[in-house]
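Single-letter residue listing:
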Amino acid sequence: MPTNKVMSPGARLGDWNLLRSFIAVCETQTLTAAADSLGLSQPTLGRHIRELETLVGETLFDRLPGRMRPNERAEFLLDRLLPLREGVGRIEHAIWGRDEVVAGTVRVTTSEILGVLVLPRVLAPLLADAPLLQVEVQASDAVQNLLRREADIAIRFFRPEQDDVIAISVGQTEIGLFGSKELVDSLPECCTPGDLKGRYVGGVGVEQAIEIAAAAGHSLQLSDFRFRSMSSVAQLHAVEAGIGVAGLPVVIAAERPALVRVFPEVVAQPMSVWLCAHEDLRRSLRMRRVFDHLTVTLRKLFAASAR
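So, here is what we can say about the structure in this document.

Rules behind the numbers
Along every chain, residues carry numbers that run from 1 in the direction the sequence is written. Two thresholds apply to this predicted model, a pLDDT of at least 70 for residue-level local features and 80 or more for giving and counting side-chain atom pairs, whereas whole-chain, interface and lining totals are computed over all residues. Side-chain measures were taken over the full set of non-hydrogen atoms in the model, leaving aside hydrogen atoms and water. Comment: elements are numbered from the N terminus, with helices defined as DSSP H or I runs of at least four residues and strands as E runs of at least two. A simple rule labels every residue: compare its accessible area, found with a 1.4 Å probe on the protein chains alone, to the largest value its type can have, and call it buried under 20%, exposed over 50%, or partly exposed in between. Working definition of accessibility: Shrake-Rupley area with a 1.4 Å probe, residue cover restricted to the visible protein chains. Salt-bridge detection follows one rule: a side-chain nitrogen of Lys or Arg within 4 Å of a carboxyl oxygen of Asp or Glu. The arc refers to the directions leading from the helix axis to the C-beta atoms. The definition of a polar contact used here is a pair of N or O atoms within 3.5 Å, where within protein one atom must be able to donate a hydrogen and the other to accept one, and adjacent residues in sequence count solely through side-chain atom pairs. Between the rings of Phe, Tyr and Trp (Trp by its six-membered ring), a pair exists once the centres lie within 6.5 Å; its type follows the angle of the planes, with under 30 degrees stacked, over 60 edge-to-face, and the other angles tilted.

Now for the overall build of the protein. Looking only at helices and strands, the protein features eleven helices and eleven strands. Looking at the 307 residues of the protein, the share that counts as buried comes to 45%. Of the roughly 16,000 Å² of accessible surface on the protein, a fraction of 54% belongs to carbon and sulfur atoms.

See below:
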């Protein structure tokens, strides 16, 4: 839990740019990228962060080589600042006389399981609020290239390396091993992952799963995966049907009451979640609206999953 420190009675936030710089560093996790995104010099941005930390009374970032990682206190503050950023964006539109009508199509790509089970309900409030906006969801485990404009926005489980792609961290999750409650209840009390041979569910190509199991000291082969499918959603339903166990994102499995996690101390593959966009995000109102909405809602989703 975040600390309960409070500012001294005389402390006041006199420069709102400190919060703007703070959000940028949280999202890019480097001073250089944050400075570029705001059009500031790196020394100015660094001064903003130091001033805010002095005001708060504690450090907000873990200083790592080439990286500024937000700590728990920073995440606590960021969660409360994102709605403010969206509001400031709307005020800017009003001041500069820009047309606030959000219209047109935005293409969002993500994994199949996230695109099918999460994005529809996440996007529903946005589409209700912006009736002229259209969103195309490409729910596929194939990675679409933002620079070739195969999609406008991507939700990825790895940090992109292209310099021309805007990327912010929206949370953490992990892959755990899950089975149906009935299947788990039927397992012997001292069962190990190796005892489940022949009761695994996976993709058509399960080489990576076999390698991960081997690294943990458990020998598996293709025949141990009784149900295989290219569709991650089909794999999820196979697990719910009691066919076997499979590695699933915790953020998805946690919402399925029929599933039970097994061997969490053995199978726990952490993954960071990144929201990415083509650099046209800065010039497109509809892309910014979708991007900002996904930033807020996905951070809440992954934070709840972590708890």
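Considering all chains together, one arrives at twelve salt bridges under this definition. Ionic pairing is found between Arg47 and Glu51, a salt bridge with its closest N-O pair at 3.0 Å. Pair noted here: Arg47 and Glu51 are both in helix α3 (residues 42-56), with a separation of four residues, about one helical turn. Under the relative-accessibility criterion, Glu51 is labelled partly exposed at 33%.

Of all the residues in helix α6 (residues 119-129), the buried ones are Leu119, Val122, Leu123 and Leu126. Angular distribution of buried residues about the axis of α6 spans 80°; they occupy a single face of the element.

Moving on, we come to the side chain of Thr295. Counting through the fold element by element, Thr295 comes out in helix α11 (residues 285-306). Here Phe291 takes part through its backbone oxygen, which lies 2.8 Å from a polar atom of the side chain of Thr295.

Moving on to helix α9 (residues 232-240). Those residues of α9 that fall on the buried side of the exposure criterion are Ser232, Val233, Gln235, Leu236, Ala238 and Val239. Where α9 begins, one side-chain oxygen reaches toward the backbone nitrogen of Val233, 3.3 Å away; that side chain belongs to Ser231. Phi for Gly242, located one or two positions after α9, is positive at around 90°.

What follows is about the environment of Val296. Note that Val296 resides in helix α11. Spatially, the C-alpha atom of Val296 lies 9.6 Å from that of Leu81, the residues being 215 residues apart in sequence.

Let's shift gears to the environment of Ile153. Among the secondary structure elements, Ile153 is positioned in strand β5 (residues 153-156). Along the backbone, Ile153 and Cys276 are 123 residues apart, and their C-alpha atoms lie at a distance of 5.6 Å.

A few words on the packing of aromatic side chains. For the structure shown, the criterion picks out two aromatic pairs. Residues Tyr200 and Phe225 carry aromatic rings whose centres are separated by 5.7 Å and whose planes lie at 40° to one another, so their mutual orientation is tilted. Taken as a pair, Tyr200 in strand β7 (residues 200-202) and Phe225 in strand β8 (residues 225-228) lie far apart in primary sequence, 25 residues in all. The pair formed by Tyr200 and Phe225 is uniform in burial state, with each residue classed as buried.

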